[in-house]
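Below, each chain spelled out in residue letters.
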Amino acid sequence: AVVSTQSTGVQFGDIVVKMGAKRVLEDKELRIVDGTPSLMWDLGGWDDRYPGFQEPPYSNADLIWAVSPTARIIAILRDPVERLFSEYLYFWKGEKMRRERRTPQTFHDDVRREIRKFEKCLEVKSLRHCCYATKLYSVRLRIALGVYICYIRDWMEVWGDQFLVLTMNEYHDNPTSVLTRVFSHIGVFVPDKDELREFIQHSKIDNTNSDVKKSFGDMLDETRTLLQNFYRPFNEDLANFLKDTKYKFYQ
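Overview of the structure. (Residues numbered from 1 in each chain as written. Predicted model: local features only at pLDDT ≥ 70, side-chain atom pairs only at ≥ 80, totals over all residues. Heavy atoms only, no water.)

## What about the overall build of the protein chain?
Line of reasoning, step 1. Helices and strands together make up the secondary structure of the protein chain, namely 14 helices and 5 strands.
Line of reasoning, step 2. When each of the 251 residues of the protein chain is scored for burial, the buried share is 39%.
Line of reasoning, step 3. Considering only contacts in the protein chain between residues 6 or more positions apart, those separated by 24 or more positions represent 65%.
Line of reasoning, step 4. Carbon and sulfur atoms make up 53% of the accessible area of the protein chain, which amounts to about 14,800 Å² in all. (Helix = DSSP H or I, 4+ residues; strand = E, 2+ residues; numbered from the N terminus. Buried < 20%, exposed > 50% of the residue type's maximum accessible area, 1.4 Å probe, protein only. Contact = heavy atoms within 4.5 Å. Areas by Shrake-Rupley, 256 points an atom, 1.4 Å probe, with all protein chains shown as cover.)

## Observations regarding the pairing of strand E5 (residues 163-167)
Line of reasoning, step 1. By the criterion of burial, E5 is predominantly enclosed, with 5 of the 5 residues buried.
Line of reasoning, step 2. The pairing of strand E4 (residues 73-77) with E5 spans 5 bridges and is classified as parallel. Bridge pairing links Ala75 to Val165 in E5. (Pairing = 2+ DSSP bridges.)

## Comments concerning the packing of helix H5 (residues 80-90) against helix H7 (residues 104-124)
Line of reasoning, step 1. Where H5 meets H7, the axes come as close as 12 Å, and the angle between the chain directions of the two elements is 120°. Considering the angle they form, H5 stands oblique to H7. Considering how the two elements wind past one another, H5 and H7 form a crossing that is right-handed. Residues Leu84, Phe85 and Tyr88 of H5 form the contact with H7, whose participating residues are Thr106, Phe107, Asp110 and Val111.
Line of reasoning, step 2. A class-by-class count of the residues in the contact of H5 with H7 yields 5 nonpolar, 1 polar and 1 charged. (Axes fitted to C-alpha atoms, helices over the stretch in contact; angles between N-to-C directions. Parallel < 35°, antiparallel > 145°, perpendicular 65-115°, else oblique. Left-handed = near helix turned anticlockwise from the far one by under 90°. Nonpolar A, V, L, I, M, F, W, Y, C, P; charged D, E, K, R; others polar.)

## Quick look at the nonpolar core
Line of reasoning, step 1. With 52 residues, the main nonpolar core has Phe107, Ile152 and Leu227 as its most contacted residues.
Line of reasoning, step 2. The contact partners of Leu227, leaving out residues within four places of it in the chain, are Val81, Leu84, Phe107, Val111, Ile115, Ile143, Met219 and Tyr250. (Core = buried A, V, L, I, M, F, W, Y, C linked by side-chain atoms within 4.5 Å.)

Written out as structure tokens, the structure is:
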């Protein structure tokens, strides 16, 4: 998509056709944006391409730097426990809800199984190997995606100050301040706070799980405790790496 302070987002191909490639390049207030979350972590197939390697010899951070070194990167992190639960519900919709039974207990059982697999991997392999070894884990419950320190470190080492890390909590608490930081980071005009508040008030919220969660219910307390204990050391490593306790998510 393309984002401009003067217009709403449109598809890149459409704007190139309408404006022409030269005008796209010359428009200083235009930003070409990709919002694919899996770019942060998805290196599927690296172990087939590099047999015998214990870790991937590159990350997507390196690939994007190679083709667009002036880009600005933003990562918005959610409490990894809530992220995992939300994803579990998000991919259980429509036809899948009718043919596959999921309950708080099945979520708990899946969590226990995936934690065991991850910890078993760590007994013999490095953290990077275990986080990027997607063949080891079920797409039903991608527990490694919440081990943010593994991916954030790779991106920060390549992009430095061009990489902005935020949390979903701080956006919910103060969206005006966060959007101001985002606009400054990507180098476009920063609207005044009244304009931003108006934009936020009329923004549509997508990808909610409210209906599914009503029928499913919340996770079990013991599941939440299990996940918090699993993620806690990785959150602490992330907070130390970024020098900010907000990345602990919970104490």
